[in-house]
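Observations on the model geometry
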Amino acid sequence: AVNMGRQALILVPEIGLTPVIASRFRSRFGERVAVQHSGLSDGARHDQWHRIRRGKVDVVVGTRSAVFAPLERLGLIVVDEEHDGSYKQEENPRYHGRDAAIIRGRQAKVCVVLGSATPSMESYYNVTVGRYELVTLPHRVLERSLPAVQVVDMRAELATHGADMILSAPLVDRLEDRLERKEQALILLNRRGYAASVLCRQCGQTLECPNCSITLTFHRHAGRVRCHYCDYSQVRPKVCPHCAGPYLEWIGFGTERIEKEVAEVFPDARVARLDRDTVRKRGMAAAILSRFEDRKIDILVGTQMIAKGHDFEAVTLVGVISADVGLGLADFRAAERTFQLLTQVAGRAGRGDTGGEAVIQTFFPEHYSIGFACRQSYEPFFESEMHYLRSMRYPPVVSMINIVVKAGRFGDAMGDAGKLVQSLRQDKNFEVLGPAEAPISRLRGEHRVQIFLKGNDRPAMRQALQAVLERYPTIRRRVTVDVDPLSVL
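An account of the accompanying structure is given in this report. (Residues numbered from 1 in each chain as written. Predicted model: local features only at pLDDT ≥ 70, side-chain atom pairs only at ≥ 80, totals over all residues. Heavy atoms only, no water.)

1. A look at the sheet that holds strand 7 (residues 111-115)
A sheet is described by the order of its strands in space; here five strands give the open sequence 2-3-1-4-7, paired in parallel fashion. Edge positions in the sheet fall to strand 2 (33-36) and strand 7, since each of these pairs with one other strand and no more. Neighbour-to-neighbour, the strand axes of the sheet open up by a mean angle of 15°, direction not taken into account. (Pairing = 2+ DSSP bridges. Helix = DSSP H or I, 4+ residues; strand = E, 2+ residues; numbered from the N terminus. Axes fitted to C-alpha atoms, helices over the stretch in contact; angles between N-to-C directions.)

As structure tokens, this is what we get:
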């Protein structure tokens with residue numbers, strides 16, 4: 001595209017990936033590369049934007065908002081890790097970076113390349129019906145083999161070693177082996193904090209956020225309990241706020257606890273953590289990843305941030321704690337997300353000359369998403385998941401709109417949602433489900449009630465919903481509409 005005098009747009013899912021990707025493109029295209037993402041200062045974004053606008057740039061690398069970069073000579077769009085949920089903006093204006101890229105490519109009449117080892121169900125479905133062309137890479141770079149994967153049934157581990165077991169014996173053995181060989185390891189747990197919740201043994205109550213129907217997560221380093229939705233926090237209580245009992249227990253675990261456990265088992269190892277808590281300051285993510293790449297860290301513990309697109313040659317082991325943590329969510333994409341995350345993180349091992357290995361700990365080894373992820377088998381997973389989606393009439397088999405009605409009182413939210421449903425059901429071209437209490441029934445002080453629209457004609461659904469909302473302007477101000485939702489929580 002550049003040789004033809006055109007410009008290229010490269011989208012990546014995470015801000016943390018942009019420095020590495022941008023440096024690779026600069027090594028090839030020199031200084032005619034611009035970076036666009038929300039982590040830049042206002043001044044830097046302003047300067048980059050005007051460089052692009054003046055045509056001083058051949059390649060733009062950025063996160064989802066870079067899809068709007070002012071490229072006048074656009075010749076190619078690449079969406080890396082197109083399956084990633086980070087491309088969806090969940091606040092207004094709601095849009096999906098990948099879908100916006102496809103529309104922009106269509107308007108500019110240029111090729112759009114969607115890249116992924118685990119394509120989204122929508123994208124691969126579009127291949128099967130002939131909308132997209134499939135290009136496959138059947139082998140890894142330099143013919144390197146895929147990592148060997150071992151599944152550890154944690155039910156057996158707990159029966160043998162007790163309920164406090166977090167790091168399984170096979171994982172500890174392999175970590176010890178890597179440390180002796182001066183190799184590196186990644187450990188994934190897609191849940192941050194020290195403990196998932198705080199329970200009172202006297203009355204059985206858990207500490208809940210006053211604004212959301214969510215249990216508070218304990219963060220040991222900060223000495224606080226925090227809500228990961230509204231960011232409410234308070235100092236760790238000494239007694240139960242419900243019964244004043246002193247018997248508070250920390251239930252479950254997050255990345256902070258895993259970091260501590262690993263450091264205790266391997267006191268001589270250099271252990272670090274990469275999650276939202278450790279990268280609150282600008283540049284921290286890049287600094288941690290740079291230290292890891294320079295082999296100043298032996299074991300890196302993290303959330304899904306460590307699973308995406310990183311290429312560390314010395315990483316020969318990946319451990320996954322609680323691989324099934326996402327399967328219990330009330331979301332029809334739970335199995336797809338689990339498969340993608342496990343496949344992606346296992347693929348971080350063995351990217352150098354030495355072969356890689358992954359150890360996956362789970363209480364549900366029989367689940368098809370975990371089994372296919374361990375075998376790195378995408379097509380069989382796709383077929384199994386499509387059977388479920390067809391049976392339940394979920395996207396991509398049908399189009400779907402998620403409508404959330406919010407109010408200060410639950411009765412008001414349910415009443416307003418009922419009015420919308422009554423009007424929507426007059427249109428027989430689509431299915432209306434609800435109203436029903438949302439899985440997260442209260443968020444940031446507001447009660448939430450859900451309505452789903454399902455059908456094959458997305459424009460007709462949108463137009464019908466828009467007409468109904470115009471009839472109820474007061475309700476409309478408290479309604480969130482999400483077309484093609486990635487999350488239904």
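The rest of the description comes next.
2. Here's the deal with the sheet that holds strand 16 (residues 299-302)
The strand order across the open sheet built from six strands is 8-18-17-9-16-15, with neighbouring strands paired in parallel fashion. Only two strands of the sheet have a single neighbouring strand rather than two, namely strand 8 (148-153) and strand 15 (271-274). With strand direction ignored, the average angle separating the axes of adjacent strands in the sheet is 20°. The pairing of strand 17 (residues 315-320) with strand 18 (residues 357-362) spans four bridges and is parallel. Paired with Gly 319 across the strands is Val 359, a residue of strand 18.

3. Things to note about unusual backbone geometry
Residue Pro 93 is reached from Asn 92 by a cis peptide bond, and omega for that bond is -5°. Examined against the element boundaries, Pro 93 turns out to sit in the loop between strand 5 (88-89) and strand 6 (95-96). Going from Gly 434 to Pro 435, the amide bond is cis rather than trans, its omega being 5°. Its location among the elements puts Pro 435 in strand 20 (residues 431-443). In this structure, Glu 81 takes a positive phi of about 50° despite not being glycine. With respect to the secondary-structure elements, Glu 81 resides in the loop between strand 4 (74-80) and strand 5. Glu 81 sits in the buried class, given a relative accessible area of 9%. Phi at Ala 244 is positive, roughly 65°, even though this residue is not glycine. (Buried < 20%, exposed > 50% of the residue type's maximum accessible area, 1.4 Å probe, protein only.)

4. Considerations on the packing of helix 4 (residues 121-128) against helix 11 (residues 378-392)
Helix 11 packs onto helix 4 with a crossing angle of 95° between their chain directions and a minimal axis gap of 11 Å. In terms of axis orientation, helix 4 runs roughly perpendicular to helix 11. Contacts between helix 4 and helix 11 involve Met 121, Tyr 124, Tyr 125 and Thr 128 on the former and, on the latter, Tyr 378, Glu 379, Phe 381, Phe 382, Glu 385, Met 386 and Leu 389. Considered class by class, the residues forming the contact of helix 4 with helix 11 number eight nonpolar, one polar and two charged. (Parallel < 35°, antiparallel > 145°, perpendicular 65-115°, else oblique. Contact = heavy atoms within 4.5 Å. Nonpolar A, V, L, I, M, F, W, Y, C, P; charged D, E, K, R; others polar.)

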